[in-house]
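Chains, contacts and geometry: an overview
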Amino acid sequence: MKTRDSVLRELAEPRTGDGFVSGEELAARCGISRQAVWKAVNVLRAHGARVDAVTNRGYHLAGTGNMLSQESVAALVPSGVGAHVKVYGSIDSTNAEAGRLCAEISDVRKLNGTVIIAEQQTAGRGRLGRPFFSPPGSGLYLSIIYAPEKGISSPAVLTASAAVAVCRALKIVYGADASIKWVNDVFLRGKKVCGILAEGVTNFETGRIDSAVVGIGINILPGSFPPELADVAGAVLDGGNADTKRSALAAGVITGVLGIYTVGDGGIAAAMEEYRRRSLLTGMTITVSPVINQAEKNYTAVVQGVTDDAKLIVKTDDGLVRTLESGEVTLRSGSFALR
């Protein structure tokens, strides 16, 4: 690990109430001289990090700016998480690249915890093959490969749990309180700021889902969204010149997602409880589209809740309770255009 990244990791984990770390302590913890600490801090500043220095108190990491590199993200992910980060300047799709990696290896479990991050995607996509707007510099686009020893029994909860992890990271990094629209969208201020696409990789010999690729796209800064997205898409931050903290957000999402997954059933159960608390649709009247692009099959219903395995419970106009595993839902309100 480079000296600057060692210093960044220590600044991100200050072990003090006020977040300051003295130059002497930084030097001891990184195994370098105080002069080397000073140089490393200047390098971090040159890369966009905001590091405050106060006499008799030391250094304080106020923000990671617009930094986004393999080193800056990895330095902020706790070592026990088991993440292996790769950052690309431009790529067609982080999910596509993760899928290619899975196809090239005989034992996909060796890729567990691999994270693909891109500055921009040229062919980013969401559910149902829809394009995901992925311009450079203004968002975070990443995919996590999850390949546990025993395979995956309930893929839907991976998407739901990832949405919870994103909400937690947004709160930690920006102080933002987000909501979730079933099953894979994260909303702030009535606009979609994040989409999640989980894709399973099946073992054709056993028929078991051996691994999943969980793709996450977050709009951090407002941009020129295409006309078809302008009414729906939003951004986490309001200002175009704001500190995006992309490395910190990436580290928070990675830590949160893998933390939930590796804890096992207990982590998933806790995440689903939080998912229900953050549900944007519970109690709302929605239009359900069980078959996409066949409006004649649509019906209205009131959302009753979400099951432990991430299915949506609705009650139709005739009093019938249904449990939805898939399909599109639209909130019948002038305040939102939730699709």
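Quick caveat, the model's predicted, so the values are computed rather than measured. (Residues numbered from 1 in each chain as written. Predicted model: local features only at pLDDT ≥ 70, side-chain atom pairs only at ≥ 80, totals over all residues. Heavy atoms only, no water.)

A word on the nonpolar core
- Of all hydrophobic cores here, the largest spans 86 residues; its most connected members are I117, I216, I218, L249 and Y275.
- Of the residues forming this core, the biggest block, 13 residues, is contributed by helix α6 (residues 155-174).
- The contact partners of Y275, leaving out residues within four places of it in the chain, are A160, A163, V164, I180, K181, W182, V183 and V306.
- Grouped together as the second largest cluster of nonpolar side chains are eleven residues, L101, L111, A118 and A147 included. (Core = buried A, V, L, I, M, F, W, Y, C linked by side-chain atoms within 4.5 Å. Buried < 20%, exposed > 50% of the residue type's maximum accessible area, 1.4 Å probe, protein only. Helix = DSSP H or I, 4+ residues; strand = E, 2+ residues; numbered from the N terminus. Contact = heavy atoms within 4.5 Å.)

What to know about unusual backbone geometry
- Note the cis peptide between W182 and V183, where omega equals 0 degrees.
- Here V183 lies in the loop between β7 (179-181) and β8 (185-188).
- The backbone phi angle of N56 is positive, close to 70 degrees, even though this residue is not glycine.
- Tracing the backbone shows N56 in the loop between β2 (50-54) and β3 (58-63).
- The exposed category is assigned to N56, whose relative accessible area is 81%.
- Despite not being glycine, A310 has its phi angle at roughly 70 degrees, a positive value.
- Inspection of the secondary structure puts A310 in the loop between β12 (299-306) and β13 (312-316).
- By relative accessible area, A310 is classed as buried at 3%.

Quick look at the sheet that holds β3
- In spatial order, the strands read β1-β3-β2; together these three strands make up an open sheet with antiparallel pairing. Looking at the sheet topology across the chains shown, the edges are occupied by β1 (20-21) and β2.
- Judged from the five bridges that link them, β2 and β3 form a sheet pairing that is antiparallel. Looking at the pairing, R50 lines up with G63 of β3. (Pairing = 2+ DSSP bridges.)

Some details on the confidence of the model for the protein chain
- Across the protein chain, the average pLDDT comes to 87, with 92% of residues at 70 or higher.
- Here residues 333-339 scores under 50 on pLDDT; set against residues more than four positions off or in separate chains, the count is 17 contacts. (pLDDT = per-residue confidence, 0-100.)

Quick look at the packing of aromatic side chains
- If you walk through the whole model with that rule in mind, you get one aromatic pair.
- Seen in terms of ring centroids, Y146 and Y261 are 4.7 Å apart; in terms of plane orientation they differ by 40 degrees. Their pairing is tilted. Taken together, the positions of Y146 in strand β6 (residues 139-146) and Y261 in helix α7 (residues 246-263) put the pair 115 residues apart, joining distant regions of the chain.
- By relative accessible area, which is 13% here, Y146 ends up buried.
- Y261 gets classed as buried once you look at its relative accessible area, which sits at 3%.
- Here the guanidinium or amino end of R57 rests over the ring plane of F20, the centre of that ring lying 4.1 Å away.
- Between the NZ or CZ atom of R322 and the centre of the ring of Y299, over which it lies, the distance is 4.5 Å. (Phe/Tyr/Trp six-rings, centres within 6.5 Å; stacked < 30°, edge-to-face > 60°. Lys NZ or Arg CZ within 6 Å of the ring centre and 35° of its normal.)

Notes on the layout of surface pockets
- Here the second largest pocket defines a volume of roughly 560 Å³.
- Looking at the lining of the second largest pocket, the elements that each hand over two or more residues are α1 (3-12), β3, α6 and α7.
- Counted by class, the lining of the second largest pocket contains 13 nonpolar, seven polar and three charged residues. (1 Å grid on protein atoms, 1.4 Å probe; cavity = no way out; pocket = protein on both sides within 12 Å on 5 of 7 lines; lining within 4 Å. Points joined across faces, edges and corners; volume = space filled by probe spheres on them. Nonpolar A, V, L, I, M, F, W, Y, C, P; charged D, E, K, R; others polar.)

Considerations on the packing of α6 against α7
- Contact pair α6 / α7: the axes reach a minimum separation of 8 Å and the direction vectors enclose 140 degrees. The pairing of α6 with α7 is recorded here as oblique in orientation. Judged by the twist between their axes, the crossing of α6 over α7 is right-handed. Contacts between α6 and α7 involve L158, T159, S161, A162, A165, V166, R168, A169, L170, V173 and Y174 on the former and, on the latter, A248, L249, G252, V253, G256, V257, I260 and Y261. (Axes fitted to C-alpha atoms, helices over the stretch in contact; angles between N-to-C directions. Parallel < 35°, antiparallel > 145°, perpendicular 65-115°, else oblique. Left-handed = near helix turned anticlockwise from the far one by under 90°.)

Topic: the sheet that holds β6
- The strand order β4-β5-β6-β10-β9-β8-β7 describes an open sheet built from seven strands, whose pairing is mixed. Two strands in the sheet have a free side with no partner beyond their single neighbour: β4 (84-91) and β7. Strand-to-strand twist in this sheet, taken as the mean axis angle between neighbours without regard to direction, amounts to 20 degrees.
- One ladder, built from nine bridges, connects strand β9 (residues 191-202) with strand β10 (residues 209-219); its direction is antiparallel. Pairing of L197 across the sheet is with G215, part of β10.
- The sheet contacts of α7 involve β4, β5 (114-121), β6 and β10, and relative to β6 the element is tilted by about 25 degrees.

Comments concerning the environment of L101
- Mapped onto the elements of the fold, L101 is located in helix α5 (residues 94-103).
- A sequence separation of ten residues divides L101 from L111, and the C-alpha atoms of the two residues are 8.1 Å apart.
- The residues contacting L101, other than those within four sequence positions of it, are K86, L111, T114 and I116.

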